[in-house]
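# Residue-level structural notes
Listed below are the residues making up each chain.
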Amino acid sequence: MKILVCISNVPDTTTKIRFAAGNTSIDTTGIQWVINPWDELSLTRALELKDDAANDIKSVTVVHVGPASAEPTIRKALAIGADDAVRVNAEPADAYYTAAQIAELVKKDQFDVILCGIESSDFNGSLTGGMIAEFLGIPSVSAVSGLKFENGQAVLTREIDGGKETVSVPAPFVAVVQKGIAKEPRIAAMRGIMTARTKPVKVLEPVACEPLTQILEFEKPAPRAACKFIDAENPGQLIQLLQNEAKVI
Amino acid sequence: MSVLVYTENWDGKFKKLSYELVSYAAGLAKMTGSSVTAVSVGNVDQAELKSLGDYGALKVISVSDQNLSVLDSQAYAAVIAEVAARESADIIIIANNNAGKAIAPRLSVRMKAGMASGVSRLPVSLNPFTVYKRTYSGNAFAHMVIKSPVKIISLAQNSFDLVKTENTAVVENVAVSVDSSLVKTAVKNVEKQSGKLLLTDADIVVSGGRGMKSPDNWAPLVELAELLGGATACSRPVSDEGWRPHGEHTGQTGKIIAPNLYVAAGISGATQHLAGISSSKYIVAINTDKDAPIFEAAQYGIVGDAMKVLPKLVEAVKEIKK
């Protein structure tokens, strides 16, 4: 069995977002780029599954659609433990375009399990995973917080409103994963960092695909009014304000 | 041309979110000069289906098929695409929730329809078709153009007010052929709490952070939430410690919520936490540190120990409920 983990290269989640070029892009000055948090959890789970010999997982490959500047993020994934990587050499114009590229790779290299994070922390789309599956005509399970194999069959836990469901789907499939899939992201050990340098990163040129969406400009969220402070000795005043001023209770 | 809205049901019932979606679709139909058709999948009775008309759906298409008893994203996308084609829908509205996130991306590829998710307002412009959507986990918003002839929008929950209309919906029961070989998801087990207010549906949320010191101190927080008819939530460290269930974790990697009132007790307000709550209409912060970042996001603040302040708030709410 071969697992493919899709990774997105995003600004560290504590980054203060600033814009550039007349608000049409973000200002990348000083940004620390990281593996999208949910993708990092998917990678961790893929490696945990591979560690258990009973699962008979031959390889964990990471794929990224993006320019060469994303190489450090890809190397980080290799340092954490992925066996090899593929980079599709193109700007990820939108989710549709990105999914088309990854679907093409899956068609060629025949992966059995494709893992995607439930969203990327930059565009918050929750789109790429489901799109890959539809391009390939294979099942997808979303909001997955657990993945294991029982007698070679994938067993997934997915979040539903008010609880969770255990489901199974035949491979190949896409699992769109969220919190819970792995406890903590795995951290690269020194040995991993050393070996990552020599692991293969295959660079593919993109297939033709017309993106369907485009971001024209960004704006900051509307500023909130300054905080009104209420004396800790008289919190009843807060309840009055919530009732009469904000009218929310 | 029409605006098609997918209205999920929960055990045969719609909820506020369903009517928000229909109200949004009606607002959009008014802008584009078209009409709203809702599509419902599963067993929902006539009165419930007709209730979508109260918010502007002229037609309600009800599809029920035993192959659709399990949420299989591939099968659901195929069914909604078929209805969309039948209705010549050029805009499709869906919720940005668990089911919406499972179905909509597949629908997008199937119909070659560009999609914007987490939209919180009516389009900024129709030509080019530009929507306002959340990016960078709420730290920025983007004006996104959808270029394809058919467009899909997923609406952020609690971002659009309900608008009642004087309107009667026509209900059509439609048989859509569902290829059973398409349904590949088999459900083995379901663990579900019914009857409990969902965190994502709650208008009022009372949430606790590490400043609550110990899981034993939660009683006044829970009581306040109950008195206000709200739900309880927590910050990530609290769920990681196992003080509260994981389902209560709000923040970037947990649940993203947008209640009318969010009370943060003993939460400092790290960027990742704010990413999950910044769309709340009002935020109240209670924290001992007057410089905590949560006060920058809050409209009302109390500098004090949450464990001492919460019981007093409980008393004050009881007072006004008398």
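Parameters at a glance
Residues numbered from 1 in each chain as written. Chains lettered and ligands numbered in written order. Predicted model: local features only at pLDDT ≥ 70, side-chain atom pairs only at ≥ 80, totals over all residues. Helix = DSSP H or I, 4+ residues; strand = E, 2+ residues; numbered from the N terminus. Buried ≥ 20, exposed ≤ 12 C-beta atoms within 10 Å, placed from the backbone. Contact = placed C-beta atoms within 7 Å. Nonpolar A, V, L, I, M, F, W, Y, C, P; charged D, E, K, R; others polar. Pairing = 2+ DSSP bridges. pLDDT = per-residue confidence, 0-100. Axes fitted to C-alpha atoms, helices over the stretch in contact; angles between N-to-C directions. Parallel < 35°, antiparallel > 145°, perpendicular 65-115°, else oblique. Left-handed = near helix turned anticlockwise from the far one by under 90°. Domains from an automatic or database assignment.

This paragraph deals with the overall build of chain A. What chain A contains, in helices and strands, is six helices and 15 strands. By principal-axis analysis of the C-alpha atoms, chain A measures approximately 65 × 45 × 40 Å. Taking all 249 residues of chain A together, the buried fraction comes to 48%.

The next thing to look at is helix 4 (residues 128–136) of chain A. Residue and element names in this part refer to chain A. Of all nine residues in helix 4, nine are buried; the element is thus mostly enclosed. Along helix 4, the residues that are buried comprise T128, G129, G130, M131, I132, A133, E134, F135 and L136. Once helix 4 finishes, G137 follows within two positions and takes phi at roughly 65°, a positive value.

Let us now look at the interface of chain A and chain B. Contact with chain A, which involves 64 residues of that partner, is made by 76 residues of chain B. Broken down by secondary-structure element, the contributors of at least two residues to the side of chain A that touches chain B are helix 4, strand 9 (140–150), strand 10 (153–160), strand 11 (163–169), strand 14 (213–219), strand 15 (228–229) and helix 6 (236–244) of chain A. For the side of chain A that touches chain B, the per-class residue count stands at 33 nonpolar, 19 polar and twelve charged. Taken together, the two bridges between strand 15 of chain A and strand 16 (residues 300–303) of chain B define a ladder with parallel strand orientation. Paired with A:K228 across the bridge in strand 16 of chain B is B:Y300.

Here chain B averages 96 in pLDDT, and 100% of its residues register 70 or above. Model confidence for the complex: the whole-complex pTM is 0.96, and ipTM, which rates the interface, is 0.96.

Let's shift gears to the pairing of strand 6 (residues 59–65) of chain A. Residues and elements named next belong to chain A. Here strand 6 lies mainly inside the structure; six of its seven residues are buried. Both strand 1 (residues 2–6) and strand 6 contribute to a ladder of five bridges, which runs parallel. In the sheet register, L4 faces strand 6, and the bridge partner there is T61. Where strand 6 and strand 7 (residues 84–88) come together, five bridges link them in parallel fashion. Bridge assignment links H64 to a residue of strand 7, and that residue is R87.

Taken together, the ten strands give an open sheet; going across it, the order is 13(A)-7(A)-6(A)-1(A)-8(A)-12(A)-9(A)-10(A)-11(A)-11(B), and neighbouring strands pair in mixed fashion. Looking at the sheet topology across the chains shown, the edges are occupied by strand 13 (201–204) of chain A together with strand 11 (186–192) of chain B. With strand direction ignored, the average angle separating the axes of adjacent strands in the sheet is 30°. Contacts from helix 4 of chain A reach strand 1, strand 8 (113–117), strand 9 and strand 12 (173–177) of chain A, with the element oriented near 175° to strand 12 of chain A. Its contacts with the sheet put helix 4 (residues 98–110) of chain B on strand 9 and strand 10 of chain A, and the angle it makes with strand 9 of chain A is roughly 95°.

Another aspect to go through is unusual backbone geometry. With an omega dihedral of 0°, the bond running from A:A171 to A:P172 counts as a cis peptide bond. Backbone torsion omega between B:N127 and B:P128 reads 0°, so that peptide bond is classified as cis. Relative to the assigned elements, B:P128 resides in the loop between strand 6 (125–126) and strand 7 (129–135). For A:D56, which is not glycine, the phi torsion reads 50° and is therefore positive. Within the secondary structure layout, A:D56 lies in the loop between helix 1 (37–51) and strand 6. Owing to 11 C-beta atoms within 10 Å, A:D56 belongs among the exposed residues under this scheme.

Here we take up the pairing of strand 11 of chain B. Among the seven residues of strand 11 of chain B, zero are classified as buried, and the element is accordingly described as predominantly exposed. Looking at chain direction, strand 11 of chain A and strand 11 of chain B are connected through six bridges and run antiparallel. Bridge pairing in strand 11 of chain B places A:V167 opposite B:V187.

Strand order in the open sheet formed by six strands is 15(A)-16(B)-15(B)-14(B)-12(B)-13(B), with parallel pairing between adjacent strands. Each of the sheet's edge strands pairs with one partner strand only, and the pair in question is strand 15 of chain A together with strand 13 (231–234) of chain B. As defined by bridge partners, strand 14 (residues 261–265) of chain B adjoins strand 15 (residues 282–287) of chain B across five bridges and the pair is classed as parallel. What sits directly across from B:V263, in strand 15 of chain B, is B:V284.

Next up on the list: the packing of helix 3 (residues 73–86) of chain B against helix 4 of chain B. Residues and elements named next belong to chain B. Close contact between helix 3 and helix 4 brings their axes to 8 Å; oriented N to C, the two are set at 55°. Classified by the angle between their axes, helix 3 and helix 4 sit oblique to one another. The handedness of the crossing between helix 3 and helix 4 is right-handed. Here helix 3 contributes S73, Q74, Y76, A77, I80 and A81 to the contact with helix 4, which in turn contributes A102, I103, R106, L107 and R110.

How big an interface is tends to be expressed through the accessible area that disappears when the partners come together. The domain architecture assigned to chain B consists of domain 1 (2–182) and domain 2 (204–321). The C-alpha centroid of domain 2 of chain B is placed 32 Å from the C-alpha centroid of domain 1 of chain B.

Residues and elements named next belong to chain A. By the secondary structure assignment, R158 is in strand 10. Sequence spacing of R158 and T98 is 60 residues, and the spatial spacing of their C-alpha atoms is 24 Å. Non-local contacts of R158, meaning those with residues more than four positions away in its chain, are made with V141, S142, A143, V144, S145, K164, E165 and V167.

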